[in-house]
Amino acid sequence: MLVPAGASLALWAVWLGWDQRRDVQPDGSTTGPYEAWQVIGLLLTLLVPVYWAASRRHIAGAVLGTTAGLTAAAFYDWSDDSSGLFAVGVGLVMLGSLLVTTAVSAAIVSAKRAGRPMGT
């Protein structure tokens, strides 16, 4: 469980941790601080530790470790928000990562099981 959690924390820092500035559009609205390519990069690189753990049948480690790492990173990164709405975002990160890593881990285990000869 520690490997996916540590990898999630590190990958959050690599992909999202350095970008803390909101972009102001010409009409005065703000976006960000993250761009879509950063979030997609995070999700794609998270497949590596999730695959590593799930292929070794450490489903709980893959799911709970990744979820714990992303939740902790989001909490740390967003906790300086004065509106208090960061808690909603952290909850959504937790729920989303829990659901997605469960589905991805189940698919990995199923694919690995289907690729093995009968009786092993």
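Everything that follows concerns the structure shown earlier in this document.
Residues numbered from 1 in each chain as written. Predicted model: local features only at pLDDT ≥ 70, side-chain atom pairs only at ≥ 80, totals over all residues. Heavy atoms only, no water.

Colleague: Looking at this model, I keep getting lost on the packing of aromatic side chains. Mind explaining?
Modeller: When we look at a pair of aromatic rings, we describe it by the centre distance and by the angle of the planes. In total, this model carries 5 aromatic pairs according to the counting rule given. For the pair Trp 15 and Trp 37, a centre-to-centre distance of 6.4 Å together with 70° between the ring planes defines the contact as edge-to-face. Residue Trp 15 is found in helix H1 (residues 2-17), and its partner Trp 37 is found in helix H2 (residues 36-55); the two are separated by 22 residues along the sequence. Linked through ring pairs, Trp 12, Tyr 34 and Trp 78 together constitute an aromatic cluster. (Phe/Tyr/Trp six-rings, centres within 6.5 Å; stacked < 30°, edge-to-face > 60°. Helix = DSSP H or I, 4+ residues; strand = E, 2+ residues; numbered from the N terminus.)

Colleague: Any chance you could explain unusual backbone geometry here in plain terms?
Modeller: What you tend to see is this: most non-glycine residues have negative phi, and most peptide bonds are trans. Although it is not a glycine, Arg 57 sits at a positive phi angle of roughly 65°. When you line up the elements, Arg 57 lands in the loop between H2 and helix H3 (59-78). Arg 57 gets classed as partly exposed once you look at its relative accessible area, which sits at 43%. (Buried < 20%, exposed > 50% of the residue type's maximum accessible area, 1.4 Å probe, protein only.)

Colleague: Please clarify how the packing of H1 against H3 should be interpreted in this entry.
Modeller: Packing of H1 against H3 leaves a shortest axis separation of 7 Å and a crossing angle of 40°. In terms of axis orientation, H1 runs oblique to H3. Where H1 crosses over H3, the two elements pack in a sense that is right-handed. Between H1 and H3, the contacting residues are Pro 4, Ala 5, Ser 8, Leu 9, Trp 12 and Leu 16 on the first element and Gly 61, Ala 62, Gly 65, Thr 66, Gly 69, Leu 70, Ala 72, Ala 73, Ala 74, Asp 77 and Trp 78 on the second. For the contact of H1 with H3, the residue count by class is 11 nonpolar, 5 polar and 1 charged. (Axes fitted to C-alpha atoms, helices over the stretch in contact; angles between N-to-C directions. Parallel < 35°, antiparallel > 145°, perpendicular 65-115°, else oblique. Left-handed = near helix turned anticlockwise from the far one by under 90°. Contact = heavy atoms within 4.5 Å. Nonpolar A, V, L, I, M, F, W, Y, C, P; charged D, E, K, R; others polar.)

Colleague: Explanation requested: the environment of Pro 4 in the structure shown.
Modeller: Mapped onto the elements, Pro 4 comes out in helix H1. Assessed through its relative accessible area of 2%, Pro 4 is described here as buried. Not counting chain neighbours up to four residues away, the residues in contact with Pro 4 comprise Pro 49, Ala 53, Gly 61, Ala 62, Gly 65 and Thr 66.

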